[in-house]
Each structure stands twice: as C-alpha cells, then as structure tokens.
Amino acid sequence: MASSVDKQRENQREQKKCLRLLLFPLPFQGHLSPMLQLANVLYSRGFSITIIHTCFNSPNPSNNPHFTFHSIPDGLSKSESSRADNIVALVSLLNTNCADPFRDCLTKLLSDVSEEPVACLISDSTWKFTDAITESLQLPRFVLRTNNVSSFLALAALPLLQEKGYLPIQESQVEAPVLELPPLKVKDIPAFKTPDQETLYQTIAGLVKQTNSCSGTIWNSFEELEHEPLTVLRHDFPVPVFPLGPLHKYFPVPSSSLLAQDQSSILWLDKQAPKSVIYVSFGSVANIEGAEFLEIAWGLANSQQPFLWVVRPGSVNGSEWLEALPNEFLEEISGRGHIVKWAPQQEVLAHPATGGFWTHNGWNSTLESICEAVPMICHPCFGDQRVNARYVSDVWRIGVHLENRLDRMEIARAVRKLLVEAEGQEIRERAVHLQKMADQCIREGGSSFQSLENLISLILSAPLA
Ligand code: UDP
C-alpha cells in the first residue's frame, strides 16, 4: 500500500512535470559544487533545471547534460579574473558587472514560451542584486547559503561586534571570548584579508539583506549538526529555513571540479595501510607564505606518517609550485609522501587508507570530512573557516586545532596525535557518531529529507511569474 509520503510525492511529481527552476551559482569552487549538487537533488525530484552562470569559472555543461546552461558576460579582464589574492574585490566586481546581463538573461528566459514555466530562482546569497531584479519581475527567489549557519550568524553579527569594540581585532585580545557568539574567541571572528574593509562590509551587508528578504533560505547543513545556530537563525531571520545537507550525499553526482583531479592520488592511497595517511589540502582559494610552506613540509616529514598533500599551483606566495622544497626534504619523504596539484577530494576522504584531514576548514571540505568520519587538523586561513574550525575542535570535538603560527614540531605532534595516539581514537569515535547522523538525515524520515519535502511544497505553492 502506498504511504502518505508516496502519495504526496506522486502529487508533487505530477505538478512538477512542467516546472523549471533557475539556479544562479557564484563562480567559485566552494559555491559552484553545492549549487550543482542541489540542482541534481531537485532534478531527481522532477523539476527541469536551468543554470545561469558567468563565463569566469564556468561549469562544464557536458558533466550535467540533463540541465540547460546559459552563460552571461561577466566583463572581467584576464588580469581581474586572476585576482585570487583579493577575493573581496573580485566578488564586488562580479556583482557590479553581472547585474545587467543577469536581468537581460532572466527577462528572456521568463518570456520564452517554448520552455516550461519558471517556478523560482535559487540564487547564491553573495549575488546582491537578485532581490531587486526578481521583485521587479515578480519571480519568487530562494537563496542558497553555501557556508554553514554558525558562520553566517557570525558574519551577520559583524556590525554589532564592531559597535561593541571587538573590531578591528587587537592582538592583545585574540584569546578573549566573544560573549555574544559562544564558543567563538576574538581570533575566530570571520575576518578577510582586504585593503578595502568598506567593500567587505558592504558585501556582507548585501548577503545578509539577500538572506533576509527571500522566500526561503537553503543550507548545506543539517539539523542535528547545527541545532542551536538554526534555532537562533529561525528566531532572528523572518524567512523559512531549509537545512538540506549534506547535498553531496543524496546520491553520487558528476564532479563539478574546475581543476583536473589527479587520479594518481587514489592509486597511491591503494598502497597505504588502513587509516595511516594524513591528507592535506587548503581548498581552492587560500594562499600561504613561503615560510609556512616549509614548516608544513618539514612537519609532515617529521611526523613519520604517510601523507597526500595538495599543493595548488600558485597557492604558495612567490612560487609557481614545488620549487621551494629542498632536495633533502624530497629524499627524506621519498615513497612516504605524494604531492599533487589537485585531488579527487571526496574519493580521497572516503578511501580506507585516509586517517586524517589537515584542512583550512572551508565548509565543503569540513562537511565532506564529517560525512566520511575523517578526523581533522584545523588550520583556518580566513573568513568563515575560523568559525568552522572552532566548531570542529570545540563543539563537535572531531579535530585538533593548530591555533598558533605554523611550527614544524607542533605539526608533527598534531599529525601523530590524530593518527597514532589514543586521543586520536577518541576523536575518531565521535566522528563516526556524527557521520551516522549525516547519513540518516537525508534518508526517508530524516530531518534534511523532510526539509526537502517542505521546500518542494513551498516552491509548488508559489504563484508562477
Ligand atoms: N577540492 C577538490 N580537490 C582538491 C581540493 C579541494 O576537489 O584537491 C574540492 C573539495 O572537495 C571541496 C572544494 O574543492 O568540495 C573546496 O571547497 P571548500 O568550501 O572546502 O573551500 P574553498 O575552496 O571554498 O576555500
């Protein structure tokens, strides 16, 4: 006999046969992947999908041939698009350049009667012009936040923290607690390296406004992981909230990697003992100094553990790739270390040989690690990563925090603590517990599963533009 959920689904499917959703990701790896994962989840529930994207960091349409792709001009010059050193300026420029092309594209799509009618736009929250444009076209708009809830609350609190004197951060205060945002310390406040703090504050104010004024916010997080921050969010923000994560675990989706993933990582891992390898990666944006690079290298060598290390070309200031590594180091680690430019990270984390992940705590990396029960070494670089790292080490207690200036001895100790010592085993047990929750919440009856049902019902109930 069909359950009431089945019947509800069947009804929804009938209604959705002729509905299209427009999705508009921000063109950075950490934003593009969750948006395309969400697109696949919604496609699997019967919607047609159109992706509107910039030419800069364009997704590869052939990875998702079941979607329609429309590119808009972003007006970036070659030199502007390589300004990864100032991500705040790049995001601001994209926002200035893309508003008109986006409006034109949307107007055209809405007037195209040969396609299914459009039910709504799902936009990345960092696009700050989509509220005004969708309002003028009377199109319902949902927002995807690709970071977690706790870091969003910290970002939204920046004006208050400034008013209360926490900002700009004073070196003497970094260990002090932020009383308004427990368990954060002053050094965890989401700060960004930019010479133009005013643009930063405007960008953050924009994303808070986008999040406050839409038909609903979608989160790549889950109720059991962020129950308290979600309670605060629901209280402070007057829009429906849909925690649907972990989006990459509903079913396998095609990779949306902007860089080629080096498959030798997996062949190398195949030769290593179970849970013996520390995987090291700082994501698609963060850069490190040359001196830090050498501390990392010698820390890994001194740990005596096997390691798989992603060194993104250009991510070490002043170097193209590995030329700063001394021969002595390469001889020392021969056979025990494998260095690649970019790895198939989800496969690496799911590999039986991976025992720990030294991460910058970008939200995707953190969530991917949680989903594979891989304990972390946290070394946040900027922004929301600091909040994520504090939650990993102090709230979920599934990682070791490298809080001070990078030091080879401290790195070696942290790696051994995670992979060899009893404390690492306790951390691993908590990680397994969290992994089970992540696994259950997207199954029928789970919190994210139910949230998805609620989102679909809301989309279907909205009048068409
Ligand atoms: N990633 C990858 N290969 C790598 C390093 C990272 O595929 O060698 C992926 C990773 O799986 C994650 C994304 O890149 O989905 C990075 O996103 P995150 O939010 O962790 O950090 P960001 O790059 O935005 O700082």
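Named according to an unreviewed UniProt entry, the protein chain is UDP-glycosyltransferase 76B1-like originating from Durio zibethinus. Within the UniProt record for the protein chain, the comment given under Sequence similarities (unreviewed entry) is "Belongs to the UDP-glycosyltransferase family."

Colleague: How should the side chain of glutamine 29 be read in this particular structure?
Modeller: If you trace the backbone, glutamine 29 turns up in helix 2 (residues 29-44). The class for glutamine 29 is buried, based on a relative accessible area of 12%. In terms of polar contacts, glutamine 29 uses its side chain to reach the backbone carbonyl oxygen of serine 256, at 3.1 Å. Within polar-contact distance, the side chain of glutamine 29 engages the backbone nitrogen of leucine 258 at 2.7 Å. When sequence neighbours within four positions are dropped, the list of residues in contact with glutamine 29 reads Pro34, Ser256, Ser257, Leu258, Leu259, Ser284 and Trp342.

Colleague: Can you help me understand unusual backbone geometry in this one?
Modeller: One can expect most non-glycine residues to show negative phi and most peptide bonds to be in trans. In this structure, proline 183 follows proline 182 across a cis peptide bond, with omega equal to 5°. Along the chain, the position of proline 183 falls in the loop between helix 7 (158-163) and helix 8 (197-212). We note that lysine 275 has phi near 55°; this positive angle belongs to a residue other than glycine. With respect to the secondary-structure elements, lysine 275 resides in the loop between helix 10 (264-270) and strand 8 (277-281). The phi torsion at arginine 397 lies on the positive side, around 55°, for a residue other than glycine.

Colleague: Can you help me understand the sheet that holds strand 2 (residues 48-54) in this one?
Modeller: Sheet strands associate in pairs through backbone hydrogen bonding, adopting either a parallel or an antiparallel arrangement. The seven strands are arranged 3-2-1-4-5-6-7 in an open sheet whose pairing can be described as parallel. Single-partner strands in this sheet number two, and they are strand 3 (68-72) and strand 7 (241-243). Ignoring strand direction, the axes of neighbouring strands in this sheet form an average angle of 20°. Relative to strand 7, helix 9 (residues 227-236) is tilted by about 160°, and along the sheet it contacts strand 6 (216-219) and strand 7.

Colleague: Whenever I open this one, the environment of aspartate 74 confuses me. Can you help?
Modeller: Inspection of the secondary structure puts aspartate 74 in the loop between strand 3 and helix 3 (78-81). Residue aspartate 74 is classed as buried on the basis of its relative accessible area, which comes to 6%. C-alpha separation for the pair aspartate 74 and phenylalanine 102, spaced 28 residues apart in sequence, amounts to 9.4 Å. Apart from residues lying up to four places away in sequence, aspartate 74 is in contact with Thr54, Cys55, Phe56, Leu94, Asn97 and Cys98. Reaching out from aspartate 74, the side chain makes a polar contact with the backbone nitrogen of phenylalanine 56 at a distance of 2.6 Å.

Colleague: Teacher, can you tell me more about the sheet that holds strand 13 (residues 399-401) here?
Modeller: Within the open sheet, the six strands sit side by side as 10-9-8-11-12-13. Their pairing is parallel. Pairing within the sheet leaves two strands with one partner each, and these edge strands are strand 10 (337-340) and strand 13. Within the sheet, the average angular offset between the axes of one strand and its neighbour, ignoring direction, is 15°. Inspection of the sheet shows strand 12 (residues 376-378) paired to strand 13 by three bridges, in the parallel sense. Its bridge partner lying in strand 13, cysteine 378 is registered against histidine 401. Relative to the sheet, helix 15 (residues 384-395) contacts strand 12 and strand 13, its axis offset from that of strand 13 by approximately 120°.

Calculation rules
- Residues numbered from 1 in each chain as written.
- Predicted model: local features only at pLDDT ≥ 70, side-chain atom pairs only at ≥ 80, totals over all residues.
- Heavy atoms only, no water.
- UniProt positions renumbered as here; feature names shortened; annotations may be inferred.
- Helix = DSSP H or I, 4+ residues; strand = E, 2+ residues; numbered from the N terminus.
- Buried < 20%, exposed > 50% of the residue type's maximum accessible area, 1.4 Å probe, protein only.
- Polar contact = N/O pair within 3.5 Å; in protein donor to acceptor, adjacent residues only side chain to side chain.
- Contact = heavy atoms within 4.5 Å.
- Pairing = 2+ DSSP bridges.
- Axes fitted to C-alpha atoms, helices over the stretch in contact; angles between N-to-C directions.

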